[in-house]
Amino acid sequence: MNRLKKKYQDKILPELKKLLGHTNDLAIPKLEKIVINMGISDPQEPRQRKQALDNIAKQFELISGQKPKMTLAKKSIAAFKLREGDPLGIMVTLRSDYMWEFLDKLISVVLPRVKDFRGTSRTSFDGRGNYNLGIEEQIVFPEINYDQIERVRGLQVTLVTSTTKNDQAFKLLELLGMPFKKKVKT
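Reference entry: report on the structure contained in this document.

What counts, and at which threshold
- Residues numbered from 1 in each chain as written.
- Predicted model: local features only at pLDDT ≥ 70, side-chain atom pairs only at ≥ 80, totals over all residues.
- Heavy atoms only, no water.
- Pairing = 2+ DSSP bridges.
- Helix = DSSP H or I, 4+ residues; strand = E, 2+ residues; numbered from the N terminus.
- Axes fitted to C-alpha atoms, helices over the stretch in contact; angles between N-to-C directions.
- Phe/Tyr/Trp six-rings, centres within 6.5 Å; stacked < 30°, edge-to-face > 60°.
- Buried < 20%, exposed > 50% of the residue type's maximum accessible area, 1.4 Å probe, protein only.
- Parallel < 35°, antiparallel > 145°, perpendicular 65-115°, else oblique.
- Contact = heavy atoms within 4.5 Å.
- Nonpolar A, V, L, I, M, F, W, Y, C, P; charged D, E, K, R; others polar.
- Core = buried A, V, L, I, M, F, W, Y, C linked by side-chain atoms within 4.5 Å.
- Expected span 1.5 Å × (residues − 1).
- Bend = angle between axes of the 7 residues up to and from the residue.
- Polar contact = N/O pair within 3.5 Å; in protein donor to acceptor, adjacent residues only side chain to side chain.

## Things to note about the sheet that holds strand β1 (residues 31-39)
Then step 1. Spatially, the 5 strands line up as an open sheet ordered β2-β3-β1-β5-β4, and their pairing is antiparallel. Bordering the open sheet on either side are β2 (69-72) and β4 (131-135), each of which pairs with just one other strand. For this sheet the average axis-to-axis angle between neighbouring strands, irrespective of direction, equals 25°.
Then step 2. Strand direction decides the pairing type here: β4 and strand β5 (residues 155-161), joined by 5 bridges, are antiparallel. The residue bridging G134 from the neighbouring strand is Q156, located in β5.

Here you go:
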């Protein structure tokens, strides 16, 4: 069993239960899934974009341990030189053990490797209990070989929780070890 999942079940679940005043374990907020997404905004030919996305897909497979899905344009937009069905990005949805492994790696290995890291934003919640985190360089992941990438790109990580309240989701992520920025005292 993953270290972070065990910590959630043994320590965080009872603490949240007491903190939130719930009697039922199913009412306690939990992490449901993690979505990792990267889009390509380069005005390239679709063939060149497809090659870049294939390279990114290999990187995502190394990062997540799961095969990613290619996202396609839903409609044509002439101003962007985009046709319906053109590849736009890569995404992967992680659940259960893959999710816990990725979160553990994100918190303990990846975020400390980010240059000038001072903590993640405390306000990146979407109003429905989900947390969004942008990473500017995919090379902070230890699995990525710098020589194998054609360009440094950013990616988006979304942590989806079972609660609809931002404060409960914040407490859950804080107890899981998410390194939030320290509150500034005024």
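## As for the packing of aromatic side chains
Then step 1. Scanning the entire structure with this criterion turns up 6 aromatic pairs.
Then step 2. With a centroid separation of 5.9 Å and an interplanar angle of 25°, the aromatic rings of F102 and F141 are classed as stacked. Here F141 lies in the loop between β4 and β5 and F102 lies in helix α3 (residues 96-113), a separation of 39 residues in the sequence. Per residue, the accessibility class of F102 equals that of F141, and both read buried.

## Observations concerning the pairing of β1
Then step 1. In the sheet, β1 pairs with β5 via 6 bridges, with the strands oriented antiparallel. What sits directly across from N37, in β5, is Q156.
Then step 2. Across 6 bridges, β1 lies against strand β3 (residues 87-94) in antiparallel orientation. Considered in β3, the bridge of I36 is made with V92.

## Here we look at the packing of helix α1 (residues 3-20) against α3
Then step 1. Axis separation between α1 and α3 bottoms out at 8 Å; the angle between their running directions is 100°. One finds that α1 runs roughly perpendicular with respect to α3. Across the interface between the two elements, R3, L4, K5 and Y8 of α1 pack against D97, W100, L103, D104, I107 and S108 of α3.
Then step 2. Residues that form the contact of α1 with α3 fall into these classes: 5 nonpolar, 1 polar and 4 charged.

## Notes on the nonpolar core
Then step 1. If you look at the biggest cluster of nonpolar residues, it comprises 47 residues, and the most contacted ones within it are I34, L103 and V157.
Then step 2. For this core, the secondary structure elements donating two or more residues are α1, β1, α2 (46-64), β3, α3, β4, β5 and α4 (166-176).
Then step 3. For this core, the leading source of residues is α3, giving 8 residues.

## Thoughts on α1
The α-helix winds at 3.6 residues per turn, so residues separated by three or four positions along the chain end up facing the same way.
Then step 1. With 18 residues, α1 should reach 26 Å at 1.5 Å per residue; the first-to-last C-alpha distance of 24 Å fits that figure.
Then step 2. At I12, α1 shows its maximal bend, which comes to roughly 45°, and the proline P14 appears one to four places after that position.
Then step 3. Among the residues of α1, those classed as buried are L4, Y8, I12, L13 and L16.
Then step 4. Check the buried side of α1 and you find it contacts α3 and α4.
Then step 5. Where α1 begins, the capping side chain belongs to N2, and its oxygen is found 2.6 Å from the backbone nitrogen of L4.
Then step 6. Backbone geometry just after α1 places G21 at a positive phi near 75°.

## Some thoughts on unusual backbone geometry
Then step 1. With a phi angle near 45°, S96 is a residue other than glycine that sits in the positive phi range.
Then step 2. On the secondary structure map, S96 appears in helix α3.
Then step 3. At D116, a position not held by glycine, the phi torsion is positive, near 55°.
Then step 4. Within the secondary structure, D116 is located in the loop between α3 and β4.

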